[in-house]
Amino acid sequence: MSTTTVSREIRLASRPNGWPTSENFATAEVELPELEDGQILVRNIAISVDPYMRGRMNDVKSYLPPFQVGAPLDGGAVGEVVESKSADRAVGDVVVHGLGWREYAILDGSAVTPADTSIAPATAYLGALGMTGLTAYAGLTAVAEFKEGDTVFVSGAAGAVGSLVGQIAKLLGAKRVIGSAGSPAKVARLLELGFDAAFDYHDGPITELLAAAAPEGIDVYFDNVGGEHLEAAIDAMNQGGRIALCGAIAQYNTTEKPTAPHNLALVIGKQLTLRGFLVGGYRHLGGEFRTHMAGWLADNKIQWDETIVEGLENAPQAFIDLMRGANTGKMVVTL
């Protein structure tokens, strides 16, 4: 492999105002420099597009630095080492890293994680076996402090994280698992995945839909949506219930003041716990999670859905479609 490889990359052309459009992205070609000692050249096989990336497109202070206009975006990726000056990694290794949105990436050999493709396909390390899976596992078990016999409600349940949360909850002994999604097809898929009940949030007031699905109330809410879903969950919560706040996709693209729960006073009387979390704070659970997930996958106890889009040039549209809910499971762009 020549060290002067030309690589395509996707850059942020401008900051979105509200919903992102194709004009906010640009494709560029760059000539890669020679590797330095300790570095590897990775040809990306697949890249991840995720809802959290929308926040990084805004020029605001957050838990991750914003993307810079004119610079390449980044995010989860899995690829093959095609050149190595690192004792840690050999040519042919499949690795997971954080420099997505490009064809080739130069990284320190110590900065990547090996992916065992004998356990699952490479793309699984962007989903069920990756940060997505750890988010679901840690959010449910550590953040929401799930207990056997709990009734669990998951919003955005047909997405990459939500679909795993529901299945993990069932495997760990949930009494009942309920999911919300945005289409009849997604609702049907949740029932196939083992959810006890599911509803399309377009079918009526969410509070009423959830009350019908959980007549005895809920003990755990895994929130990927925020807004009206969060308000409905607070209404349905049993005494001492726990809420894991993972995402708020309902407001990521709004230019207006987002809808806030109007029933927060119930948190006091019900003695509820609402806890926001970032998966980076739960990396210490990675080994435990991977052991469980590898076993579940081997035993076919967990199904993981992917929406595959081919071609780096289509990554911006894949992200836009993700924001509109076009995916079932993990949205992945293959190169």
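For the structure, check the block above.
Residues numbered from 1 in each chain as written. Predicted model: local features only at pLDDT ≥ 70, side-chain atom pairs only at ≥ 80, totals over all residues. Heavy atoms only, no water.

(A) Layout of unusual backbone geometry. In this model, Glu145 sits at a positive phi of 50 degrees, which is unusual for a non-glycine residue. Among the structural elements, Glu145 can be located in the loop between helix 2 (131-143) and strand 8 (151-154). (Helix = DSSP H or I, 4+ residues; strand = E, 2+ residues; numbered from the N terminus.)

(B) Representation of the pairing of strand 9 (residues 176-181). Summarising burial for strand 9: five of the six residues are buried, a large majority. Handedness of the crossover is the feature at issue here: the chain leaves strand 8, passes through helix 3 (residues 160-171), returns alongside strand 9, and the resulting connection is right-handed. Judged from the four bridges that link them, strand 9 and strand 10 (residues 197-200) form a sheet pairing that is parallel. Bridge pairing in strand 10 links Ile178 to Ala197. Regarding the hand of the β-α-β motif, the stretch spanning strand 9, helix 4 (residues 184-192) and strand 10 is right-handed. (Buried < 20%, exposed > 50% of the residue type's maximum accessible area, 1.4 Å probe, protein only. Right-handed = clockwise from strand over helix to strand, strands pointing away. Pairing = 2+ DSSP bridges.)

(C) Empty space enclosed by the protein, seen in detail. Evaluation of the coordinates by the stated rule reveals two cavities of 30 Å³ or more. What the largest cavity holds in volume is close to 50 Å³. The wall of the largest cavity is formed by Thr123, Gly127, Ala128, Thr132, Ala160, Ser163, Leu164, Trp304, Asp305, Glu306 and Lys330. For the lining of the largest cavity, the element with the highest residue contribution is helix 3, accounting for three residues. (1 Å grid on protein atoms, 1.4 Å probe; cavity = no way out; pocket = protein on both sides within 12 Å on 5 of 7 lines; lining within 4 Å. Points joined across faces, edges and corners; volume = space filled by probe spheres on them.)

(D) Focus on the pattern of salt bridges. Using the criterion set out here, one finds 12 salt bridges in the structure. Close ionic contact of Asp196 with Lys170 constitutes a salt bridge, the shortest N to O distance being 2.9 Å. In this pair, Asp196 is assigned in the loop between helix 4 and strand 10 and Lys170 in helix 3, connecting sequence segments 26 residues apart. On the basis of relative accessibility, which here comes to 34%, the residue Asp196 falls in the partly exposed class. (Salt bridge = Lys/Arg side-chain N within 4 Å of Asp/Glu carboxyl O.)

(E) Quick look at the packing of helix 2 against helix 3. At a closest axis distance of 8 Å, the pairing of helix 2 and helix 3 adopts a crossing angle of 50 degrees. Considering their axes alone, helix 2 and helix 3 lie oblique with respect to each other. With respect to the hand of their crossing, helix 2 and helix 3 are arranged in right-handed fashion. Across from Thr132, Gly133, Thr135, Ala136, Tyr137 and Leu140 in helix 2, the residues of helix 3 making contact are Ala160, Val161, Leu164, Val165, Ile168 and Ala169. A per-class count over the contact of helix 2 with helix 3 returns nine nonpolar, three polar and no charged. (Axes fitted to C-alpha atoms, helices over the stretch in contact; angles between N-to-C directions. Parallel < 35°, antiparallel > 145°, perpendicular 65-115°, else oblique. Left-handed = near helix turned anticlockwise from the far one by under 90°. Contact = heavy atoms within 4.5 Å. Nonpolar A, V, L, I, M, F, W, Y, C, P; charged D, E, K, R; others polar.)

(F) The arrangement of helix 9 (residues 315-323) in detail. When you tally the buried positions in helix 9, you get seven out of nine residues, the bulk of the element. The complete set of buried residues in helix 9 reads Ala315, Pro316, Ala318, Phe319, Ile320, Leu322 and Met323. Lining the buried residues of helix 9 we find strand 1 (6-12), strand 2 (25-31), strand 3 (39-48), helix 1 (53-56), strand 14 (306-310) and strand 15 (330-334).

(G) Region of interest: the sheet that holds strand 13 (residues 273-276). One open sheet accounts for six strands, arranged 10-9-8-11-12-13; its pairing is parallel. Across the chains shown, the open sheet's two edge strands, defined by having one partner strand only, are strand 10 and strand 13. Across the sheet, the axes of successive neighbouring strands diverge by a mean angle of 15 degrees, strand direction being ignored. Of the pairings in the sheet, the one linking strand 8 to strand 11 (residues 218-223) comprises three bridges and is parallel in character. Among the inter-strand pairings, Val154 is bridged to a residue of strand 11, identified as Phe222. Here helix 4 sits on the sheet in contact with strand 9 and strand 10, set at roughly 170 degrees to strand 10. Most of the contacts of helix 5 (residues 206-213) go to strand 10, to which it runs at about 160 degrees, and overall it touches strand 8, strand 9, strand 10 and strand 11.

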